[in-house]
Amino acid sequence: MAFSFTLRPLLGLCAAMALSCATIGSAHADAGNFPNKPIKITVPWAPGGATDVIARLIGQRMSEELGQPVVVDNKPGAGGNIGTGSFTREKADGYSLLMATSSTNAINPNLYKTLPFKPVQDFAPITQVASVPNILVVAKDSPFNSVADIVAAAKAQPGNLSYGSAGNGSSQHLAGSMFLKATEVEITHVPYRGSGPAAADLIAGHLDLMLDTGSMPHVKSGSLKALAVAAAERLPSLPDVPTFEELGYPDFETAAWYGIVAPAGTPPEVQEKLNAAINHSLQDAQIKSRLEDFGAVVSGGSITAFQAFFVSEIDRFAILVKNSGARVE
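Let us look at the structure shown here. No experiment lies behind these values; they were computed from the predicted model shown.

Rules and cut-offs
Residues numbered from 1 in each chain as written. Predicted model: local features only at pLDDT ≥ 70, side-chain atom pairs only at ≥ 80, totals over all residues. Heavy atoms only, no water. Helix = DSSP H or I, 4+ residues; strand = E, 2+ residues; numbered from the N terminus. Buried < 20%, exposed > 50% of the residue type's maximum accessible area, 1.4 Å probe, protein only. Contact = heavy atoms within 4.5 Å. Areas by Shrake-Rupley, 256 points an atom, 1.4 Å probe, with all protein chains shown as cover. Lys, Arg positive; Asp, Glu negative; His and termini not counted. Charge placed at Lys NZ, Arg CZ, Asp CG, Glu CD. Salt bridge = Lys/Arg side-chain N within 4 Å of Asp/Glu carboxyl O. Axes fitted to C-alpha atoms, helices over the stretch in contact; angles between N-to-C directions. Parallel < 35°, antiparallel > 145°, perpendicular 65-115°, else oblique. Left-handed = near helix turned anticlockwise from the far one by under 90°. Nonpolar A, V, L, I, M, F, W, Y, C, P; charged D, E, K, R; others polar.

**Comments concerning the overall build of the chain**
Across its full length, the chain holds eleven helices and eleven strands. Overall size of the chain, expressed as C-alpha extent along the three principal axes, is 95 × 40 × 30 Å. Looking at the chain as a whole, 48% of its 329 residues qualify as buried. Relative to all contacts within the chain whose residues are 6 or more apart in sequence, the contacts with residues 24 or more apart total 78%. Surface accessibility of the chain: about 15100 Å² in total, with carbon and sulfur atoms responsible for 55%. Computed over 23 positive and 29 negative side-chain charges, the inter-centroid distance for the chain is 8 Å.

**Focus on the pattern of salt bridges**
Tallied over the full model, the rule gives eight salt bridges. Linking glutamate 64 and arginine 61 is a salt bridge whose minimum nitrogen-to-oxygen distance equals 3.5 Å. Placement of both glutamate 64 and arginine 61 in helix 2 (residues 50-66) is noted, with a separation of three residues, approximately one turn of the helix. In this structure, aspartate 73 and lysine 75 form a salt bridge, with 3.9 Å as the shortest nitrogen-oxygen distance. Residue class for lysine 75 comes out partly exposed when judged on its relative accessible area of 26%. By sharing partners, the salt bridges in this structure join Arg61, Glu64, Glu65 and Asp284 into a single network.

**Some remarks on the packing of helix 4 (residues 102-111) against helix 11 (residues 303-324)**
Closest axis-to-axis distance for the helix 4/helix 11 pair is 8 Å, and the angle between their directions is 50°. Relative to helix 11, helix 4 is oriented oblique. Handedness of the crossing formed by helix 4 with helix 11: right-handed. Residues Ser102, Asn105, Ala106, Ile107, Pro109, Asn110 and Leu111 of helix 4 pack against Phe310, Glu313, Ile314, Phe317, Ala318 and Val321 of helix 11. Here the residues of the contact of helix 4 with helix 11 sort into nine nonpolar, three polar and one charged.

**Examining unusual backbone geometry**
The peptide bond linking phenylalanine 34 to proline 35 adopts the cis configuration, its omega dihedral lying at -5°. Positive phi outside glycine occurs at aspartate 251, with the angle close to 65°. Looking at the secondary structure, you find aspartate 251 in the loop between strand 9 (224-229) and strand 10 (255-263).

**As for the packing of helix 6 (residues 171-183) against helix 11**
At a closest axis distance of 9 Å, the pairing of helix 6 and helix 11 adopts a crossing angle of 75°. With respect to their mutual orientation, helix 6 and helix 11 come out roughly perpendicular. For the pair helix 6 and helix 11, the contacting residues are His173, Leu174, Ser177, Met178 and Lys181 in the first and Phe317, Leu320, Val321, Asn323 and Ser324 in the second. When grouped by side-chain class, the residues that make up the contact of helix 6 with helix 11 number five nonpolar, four polar and one charged.

This is the structure in structure tokens:
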């Protein structure tokens, strides 16, 4: 009986170890066979927006690289928090990805009092896909033809001009706040429920200007005039539009960024496969051309680089959100 009593725990331990080894072996086997089924990219915004367009564009090319379908699942709501929060409950196997954005993963952690996700701990950053610099735009029939025109008018009548945004704390709001600080002028902020309605009012002449990341189609159609870009270099799609630095406003660079992340705990070898597939996709000439036509600057790069950038952006936007005075309870 004594022998039997001491043997049972030992047998149980051996069984547990065997199960653990089998589980680890299975995980490595699954990672080695990755991917062998469709991959889903969650987009925490409605269809048709910049995040959705970029996700579908890169997803289509990724499917060719990986040999499996890549589908987009839109889960909008609460400034991107609903879809982002639900994503963190997905299995960490590489088959569920998120198109993270500067709004959801860098601005919202500093804007909202509570979030349904942990800004850093819940994610495994894979690759930055692209960034879209803010463009200072005005209506096609606006009397303003340069940044200098706007600054002169704003200084002559403080608070008389207005700029629109997708809402308090949005990328347009923060870019506008940076513009006011850089130019030392007073312009009234008008928040909307989305950048689409704001752009529509700008085109209709109800606003004076916007700093927007989604205005390229309107600029191309002639509905809006682009006066400056908040980027380090001129955009290939707008070669005649100067940067703010060229106009005498150094360090004025603000852009919305987009990147693929996986749930925390995703196997490193799966992360590497995804990173390689995305980087190869971004090197495709057609993909680069379509992103540039959208006003985007193609990114790419290593997992380590995106991880460092991912964390640093939360800190950077903390200052911008504080300066803007925006807050959502």
